[in-house]
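What follows is the residue order along each chain.
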Amino acid sequence: MSATERKILEVLSGKTITPPPIWLMRQAGRYLPEYRETRARAGSFLDLCYTPDFAVEVTLQPIRRYGFDAAILFSDILVIPDALKRNVRFTEGHGPQMDPIDADGIRKLKTNGFMAHLEPVIESVRRLRKELPDETTLLGFCGAPWTVATYMIAGHGTPDQAPARLFAYRHPEAFDYLLDVLSDMSATYLVAQIDAGADAVQIFDSWAGVLGEVEFERFCVRPMARIIALVKAQRPAAKVIAFAKGAGYLLRDYRQKTGADAIGLDWAVPLDFAVELQKDGPVQGNLDPMRVVAGGRALEEGIDRILEKLGHGPLIFNLGHGITPQADPENVTALVDRVRSFGR
């Protein structure tokens, strides 16, 4: 099968496919016993990300189990600050941590050795394209500059990313410079993934929802547009999915302003609004991950509502955010089966 016949690529080109193709954010993860076993063997989380044998294995696990239409490279959005020498580490029970950066540190950021540091990730992409079934789309990804910057400023995750918001108000020039560096490095990283075999890429702006309208334009839209323009200038055929979690009504012109081929929708996006967004091109989403945990009627009703509203246009079925560790693998089987029975 040629790349143009991979279902998700067809949808990203604007085609409606019935039933729609499906993959799930965090489909390789702690809800799967085979992932937990591999994770234990890998040692640290970053070792899991940077060791191709492990990263390829966990990427393939949900494909073997469920036959999703896409595999997404197993890695983490924080490999970019790690490659920028910010001493990223993952501590059990505390999440990601790194050396917090200030205005002086931003001015002194060095990008030398950036792609050499990330070469193991690119090697995983090469191996994955060889090992995946021909019909399976391979997705690369990175974190959006705003979301990555929030961790770099605070040195860890926070409930509302107040440290980054405050820093951006107090040091606007330094913060804009940080976003530009992250945009340029992200574009370089994504192009390398595409060259290694990724069919399309997704950019995750997981913390877009904490920003006001003006800040969203400056911190989310502008950097996303910069990345996509850089990627497409070098690889004009590249397909990009942009996911700005929590952006709500600000998504109304997000596709047009960023140049994204598809818009990822979180579960709080009203389906009637999603229908309007779909008139301009493909959308992806947007089942509440808690419905996968609940299973049964809650899961079925959530799936059916999305398919009823969005299944007659260009749709990639997905969750509105990542699958949670509490999800029962059997509920994922039921989810895939129900989506694939649509229209039959």
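Whatever comes next refers back to the structure up there.
Residues numbered from 1 in each chain as written. Predicted model: local features only at pLDDT ≥ 70, side-chain atom pairs only at ≥ 80, totals over all residues. Heavy atoms only, no water.

Undergrad: Hey, could you go over the pairing of strand E5 (residues 200–205) for me, with residue numbers and the actual values?
TA: With respect to burial, E5 is a largely interior element, 6 of its 6 residues being buried. Alternating residues of E5 divide into Ala200, Gln202 and Phe204 and Val201, Ile203 and Asp205, and every residue in both groups is buried. A crossover connection joins E5 to the parallel strand E6 (residues 240–244) through helix H12 (residues 213–234); in handedness this β-α-β unit is right-handed. (Buried < 20%, exposed > 50% of the residue type's maximum accessible area, 1.4 Å probe, protein only. Helix = DSSP H or I, 4+ residues; strand = E, 2+ residues; numbered from the N terminus. Right-handed = clockwise from strand over helix to strand, strands pointing away.)

Undergrad: An account of the sheet that holds E5 is needed here, citing residue identities and associated values.
TA: An order of E1-E4-E5-E6-E7-E8-E9 is seen for the 7 strands of this open sheet, with the pairing classed as parallel. If you trace the sheet from one side to the other, it starts and ends with strand E1 (70–72) and strand E9 (315–319), each paired once. Each adjacent strand pair in this sheet contributes to an overall mean axis angle of 25°, direction not counted. (Pairing = 2+ DSSP bridges. Axes fitted to C-alpha atoms, helices over the stretch in contact; angles between N-to-C directions.)

Undergrad: Tell me about the environment of Gln27, and please be specific about residues and values.
TA: Within the secondary structure layout, Gln27 lies in the loop between helix H1 (7–12) and helix H2 (33–42). A residue is classified by how much of its surface remains accessible, and Gln27, at 1% relative accessible area, is buried. Taking the C-alpha atoms as reference, Gln27 lies 16 Å from Ile203; in sequence the two are 176 residues apart. Setting aside residues up to four positions removed in sequence, Gln27 forms contacts with Leu32, Pro62, Ile63, Phe68, Ala70, Ala71, Ile72 and Ile323. Looking at Gln27, its side chain comes within polar contact range of the main-chain nitrogen of Leu24, at 2.8 Å. (Contact = heavy atoms within 4.5 Å. Polar contact = N/O pair within 3.5 Å; in protein donor to acceptor, adjacent residues only side chain to side chain.)

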